[in-house]
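# Architecture at a glance
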Amino acid sequence: MAIMTRVAVAASTLVLSSAAFGASVSFSYTGAVQTWAVPAGVTQVAVELRGAQGGGSYPCIGPREEDGGLGGLTQGNLAVTPGQVLNLFVGGQAPDVGNIIPMPGGFNGGGGGGTYGAGGGGATDVRVGGTALANRVAVAGGGGGGNTGCPNHGAGGAGGGSSGGEGLYYDDFGPGGGGTQSAGGAAGSGGGVAGQLGLGGSIAEYHMAGGGGGYYGGGAAYAAGGGGGSGYIGGLTGGSTTAGVQTGHGSITITFNAVTAPTPVPTLEAGVLAVLATAMAAFGAAGARRMRRG
């Protein structure tokens, strides 16, 4: 009987689920919302968000300068459920459309500007349960637009951090302020426009630089750099946000543990087990008879 018990236990053993640690998926700028469905068995992911750089501006003579503020970096862990869909907005750097009015801002909140002033960079964010600004759980701010002219009048402020960076100014006009956790960046002097929730200050007029998108966007400014948008980590655990690290368009990387299905050990069917049990019993009885004769 002891032999039968050991056979039955071995036949029902399963190899436990294994995990392939460090699986990841990355998303680059497309100019539209993207989605990702959480795989089976995954309950937490690590996210890395990078906001877009602000647009470069044109001097009176010569090519466009890369004077837009750098985008921010936001990292942390996000609790999820299998099958849940995350809505991903990857910020775009303000496009180069020439030294004209208007100078549009980047995708996802970058504010626009005008001749000699560039648009702000777009924020990068993750939204859960919908696509509205209220559904954002993590944000990396975009940088403010640059503002050159004759002479150079300023560069865009850095995006990201709990507060975005103030634009730079090299003349008598004040720059756009950086967005914070509770308000848009202040308007620059000379008719600038303040940022607001999710949007950089935007004004399509001569020599205006747009603010960067963010949790709250940066302010727009005349003849000075636009402010950077703020980052946000309110929906993350172990989160951090850093200003001024990303050039060009933004990006999102999601890292998770990919759980594989259990792999069963080959089992013996019930009929085979019954035959083995009968054979073992007969073998035991024959041994007992031999022992009595001996």
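Residues numbered from 1 in each chain as written. Predicted model: local features only at pLDDT ≥ 70, side-chain atom pairs only at ≥ 80, totals over all residues. Heavy atoms only, no water.

Helix and strand counts for the chain stand at two helices and 13 strands. Of all intrachain contacts in the chain linking residues separated by at least 6 positions in sequence, the fraction that spans at least 24 positions is 68%. (Helix = DSSP H or I, 4+ residues; strand = E, 2+ residues; numbered from the N terminus. Contact = heavy atoms within 4.5 Å.)

So, about the packing of aromatic side chains. In the structure shown here, the tally under the stated rule is seven aromatic pairs. Between Trp36 and Phe256 the ring centres are 5.4 Å apart and the planes differ by 50 degrees, which places this aromatic pair in the tilted class. Of the two residues, Trp36 sits in strand 3 (residues 34-37) while Phe256 sits in strand 12 (residues 251-259), which places them 220 residues apart along the sequence. The same class applies to Trp36 as to Phe256, namely buried. Taken together, Tyr29, Phe89 and Phe107 form an aromatic cluster joined through their ring pairs. Note that Arg127 overlies the ring of Phe89, its terminal NZ or CZ placed 3.7 Å from the centroid. (Phe/Tyr/Trp six-rings, centres within 6.5 Å; stacked < 30°, edge-to-face > 60°. Buried < 20%, exposed > 50% of the residue type's maximum accessible area, 1.4 Å probe, protein only. Lys NZ or Arg CZ within 6 Å of the ring centre and 35° of its normal.)

What follows deals with the pairing of strand 3. Across the two faces of strand 3 the burial differs, with Gln34 and Trp36 buried and Thr35 and Ala37 not buried at all. Pairing between strand 3 and strand 6 (residues 85-89): four bridges, direction antiparallel. The residue bridging Ala37 from the neighbouring strand is Val85, located in strand 6. (Pairing = 2+ DSSP bridges.)

Of all hydrophobic cores here, the largest spans 20 residues; its most connected members are Trp36, Val45 and Ile254. Residues contacting Trp36, with those up to four places away along its chain left out, are Val25, Phe27, Val45, Gln84, Val85, Leu86, Leu88, Ile254 and Phe256. One finds Ala123, Tyr215, Tyr216 and Tyr232 within the second-largest nonpolar core, a separate group that totals five residues. (Core = buried A, V, L, I, M, F, W, Y, C linked by side-chain atoms within 4.5 Å.)

What follows covers the sheet that holds strand 7 (residues 124-128). Pairing is antiparallel across the open sheet formed by four strands, whose spatial order is 3-6-7-8. Of all the strands in the sheet, the pair left with one neighbour each is strand 3 and strand 8 (136-140). On average, each strand axis in the sheet is inclined to that of its neighbour by 20 degrees, with strand direction left out of account. (Axes fitted to C-alpha atoms, helices over the stretch in contact; angles between N-to-C directions.)

Relative to the helices and strands, Ser230 is located in the loop between strand 10 (221-222) and strand 11 (237-246). Overall, Ser230 belongs to the buried group, its relative accessible area being 0%. Separated by 2.8 Å, the side chain of Ser230 and the backbone oxygen of Thr180 make a polar contact. (Polar contact = N/O pair within 3.5 Å; in protein donor to acceptor, adjacent residues only side chain to side chain.)

Of note, the amide linkage connecting Ile101 to Pro102 takes the cis form, showing an omega dihedral of 0 degrees. For the peptide bond that leads from Cys150 to Pro151, omega is 0 degrees, which places it in the cis range. By the element assignment, Pro151 lies in the loop between strand 8 and strand 9 (208-209). The phi angle at His207 is positive, at roughly 65 degrees, despite the residue not being glycine. Topologically, His207 is positioned in the loop between strand 8 and strand 9.

Summed over all chains, the structure comprises four salt bridges. Between Arg50 and Glu48 there is a salt bridge; the shortest N-O distance is 3.1 Å. Where Glu66 meets Arg64, a salt bridge forms, and the shortest distance between an N and an O atom there is 3.4 Å. The class of Glu66 is exposed, set by a relative accessible area of 51%. A single salt-bridge network, built from bridges that share partners, covers Arg64, Glu66 and Asp96. (Salt bridge = Lys/Arg side-chain N within 4 Å of Asp/Glu carboxyl O.)

Under the definition given, this model contains one disulfide. Here Cys60 connects covalently by a disulfide to Cys150, the sulfurs 1.1 Å from one another. Of the two residues, Cys60 is situated in the loop between strand 4 (44-50) and strand 5 (71-79) and Cys150 in the loop between strand 8 and strand 9; the sequence distance between them amounts to 90 residues. Since its relative accessible area comes to 35%, Cys60 is described here as partly exposed. (Disulfide = S-S within 2.5 Å.)

Summarising the element assignment, Gln93 is placed in the loop between strand 6 and strand 7. When neighbours within four sequence positions are excluded, Gln93 is seen to be in contact with Ala52, Gln53, Gly54, Gly55, Arg64, Glu66, Gly106, Gly248 and His249.

This paragraph deals with the environment of Gly227. Assignment of secondary structure puts Gly227 in the loop between strand 10 and strand 11. Through-space distance from the C-alpha of Gly227 to that of Gly179 is 7.2 Å; in sequence the pair is 48 residues apart. Filtering out sequence-adjacent residues up to four positions away, Gly227 remains in contact with Gly144, Gly165, Gly167, Gly176, Gly177, Gly178, Gly211, Gly212, Gly218 and Gly219.

Shape is all these values report; function is a separate question.
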